[in-house]
Amino acid sequence: MALYLGGWALFVWLGDSWLQMLVAVAMAVIFTQLGFVAHDLGHRQVFRTRRPSDIAGLLIGNLGVGLGWGWWTTKHNRHHANPNHEDHDPDVSPAVIVWSEDQVARSTGIPRFFAKYQAFWFFPLLTLEAWHLHVASVKALFQPGAKRRGPELALLLTHFALYLGVIFTVLPVGKALLFLIIHQGLFGIYLGCSFAPNHKGMPVLTKDDKLDFLRKQVLTSRNVKGGWFTDVALGQLNYQIEHHLFPNMPAPSLRKAQPIVEKYCAEIGVSYLETGLVASYGQALRHLHEVGAALRQEPART
């Protein structure tokens, strides 16, 4: 929070300057790190009870970074219940990217257009991820059954009003628009690059797969090793296997649980994957490219 407030103070102090583009880069990092805190609050890693978790989550998520905390935590909990399941995990729904050959076969429109070379499209598309999350956060509040519609919408609108108001007050229109593009684009890339190593390129489950809880969580998850820098950069979600097995465990404790879980998986013969950060992206991109192979082999239409 000190970095967040300090970043905005620096923004106002610099005023009409091209150095603001560096501030945009820094704020993208800070926004993502706050997103990690909101994630941990959603799992009740910070407070033991729901009420303080909800209050802090709404303030950080909705007001702080403009992401609907209630909508996102509901969506994320569905992911935890059925990770990488093509019918139940919203994170592998074929909205733009397709994650399995079955999804490719059923794809139409935009997903089918991108699927052919989606491995090359993946990182460019992440520049739109933050914008997508902002829009989805607002749209979710107008769906039937939306909880806390009034408070959440008020906090989101307050965020957008303050965010855009400060930027367009301090900067002329051209620089303000460039600041927005850099900040939101890098915010989306950082978010996507933080979550992509966790499950992308791991087995995609279907209704025919009958796995117990441990195997469902471990076999679809990937850990990323790399020391303290990787831990900080990825919000300690690089211990994804342990996080999925113990989602309420505070993030700083995951690294302590890691050797225990790895040893147990070895004892019972369950595959446990841990790799480097660059290698994890390579595995994810190769999977996306292989999934789209069928479309690349189709004869060209005349």
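Structure's up top.
In what follows, the accompanying structure is described. (Residues numbered from 1 in each chain as written. Predicted model: local features only at pLDDT ≥ 70, side-chain atom pairs only at ≥ 80, totals over all residues. Heavy atoms only, no water.)

1. What to know about helix α14 (residues 251–268)
Stated precisely, the cut-off is as follows: Strands are runs of DSSP state E lasting at least two residues, helices are runs of H or I lasting at least four, and both sets are numbered from the N terminus onward. Here the expected length of a helix is defined as 1.5 Å per residue gap, with one fewer gap than residues. Here the bend at each residue means the angle between axes fitted to two seven-residue stretches, the one ending at that residue and the one beginning there. Here the term buried applies to any residue with accessible area under 20% of the maximum for its type, exposed to any over 50%, and partly exposed to those in between, with areas from a 1.4 Å probe on protein chains only.
A rise of 1.5 Å per residue sets the reference length of α14, with its 18 residues, at 26 Å; its end C-alpha atoms lie 25 Å apart and thus fit the reference within 8%. For α14, the principal kink sits at alanine 257 and spans about 40 degrees; a proline, proline 259, occurs within the next four residues. Those residues of α14 that sit buried are Ala251, Leu254, Ala257, Gln258, Val261 and Cys265. Phi for glycine 269, located one or two positions after α14, is positive at around 75 degrees.

2. Some thoughts on the nonpolar core
Rules: Each nonpolar core is a collection of buried residues, namely Ala, Val, Leu, Ile, Met, Phe, Trp, Tyr and Cys, held together in the definition by side-chain atoms within 4.5 Å. Any two residues having at least one pair of non-hydrogen atoms within 4.5 Å are treated as being in contact.
Formed by 30 residues in total, the largest nonpolar core has its most connected members in Trp8, Phe11, Phe31, Ile167, Phe179 and Phe187. Not counting residues up to four positions away in its chain, the partners in contact with isoleucine 167 are Trp8, Phe11, Ala176, Phe179 and Leu180.

3. What to know about the packing of helix α8 (residues 129–140) against helix α9 (residues 149–170)
Put simply, the rule reads: Only C-alpha atoms enter the line fits that serve as axes; for helices the fit covers just the stretch in contact. Angles between N-to-C directions range over 0 to 180 degrees. Whether a crossing is left-handed or right-handed is set by the direction in which the near helix is turned from the far one by less than a right angle, anticlockwise for left-handed and clockwise for right-handed. Ten residue types, Ala, Val, Leu, Ile, Met, Phe, Trp, Tyr, Cys and Pro, are classed as nonpolar, four, Asp, Glu, Lys and Arg, as charged, and the remainder, Gly among them, as polar.
Put simply, α8 and α9 touch, their axes get as near as 10 Å, and they point 145 degrees apart. Crossing of α8 over α9 shows left-handed handedness. For the pair α8 and α9, the contacting residues are His134, Ser137 and Val138 in the first and Leu153, Leu156 and Phe160 in the second. Residue composition of the contact of α8 with α9, grouped by class: 4 nonpolar, 2 polar and no charged.

4. Considerations on unusual backbone geometry
Backbone geometry places asparagine 84, a non-glycine residue, at a positive phi of 60 degrees. The topology assignment puts asparagine 84 in the loop between α4 (69–81) and α5 (101–106). One non-glycine residue with positive phi stands out, namely arginine 148, at about 50 degrees. Considering the arrangement of structural elements, one finds arginine 148 in the loop between α8 and α9. On the basis of relative accessibility, which here comes to 33%, the residue arginine 148 falls in the partly exposed class.

5. Some details on the packing of aromatic side chains
Worth spelling out the cut-off: When two rings of Phe, Tyr or Trp (its six-membered ring) have centres within 6.5 Å they constitute a pair, described as stacked for plane angles under 30 degrees, edge-to-face for angles over 60, and tilted for the intermediate range. Ring-over charges, as used throughout, are those where CZ of Arg or NZ of Lys falls within 6 Å of the ring centre and within 35 degrees of the ring normal.
Following the criterion strictly, the structure yields 14 aromatic pairs and no others. When the ring of phenylalanine 113 is compared with that of tryptophan 121, the centres are 6.4 Å apart and the planes differ by 45 degrees; the resulting orientation is tilted. The exposure class assigned to phenylalanine 113 is exposed, which follows from its relative accessible area of 57%. Centroid distance tryptophan 228 to phenylalanine 229: 6.1 Å. Interplanar angle 85 degrees. Geometry classified as edge-to-face. For the residue pair tryptophan 228 and phenylalanine 229, the accessibility class agrees, reading exposed in each case. An aromatic cluster of three or more residues is present, and its members are Tyr4, Trp8, Phe11, Phe31, Tyr163, Phe179 and Phe187. Directly above the aromatic system of tryptophan 99 lies the positively charged group of lysine 200, at a separation of 4.4 Å from the ring centroid.

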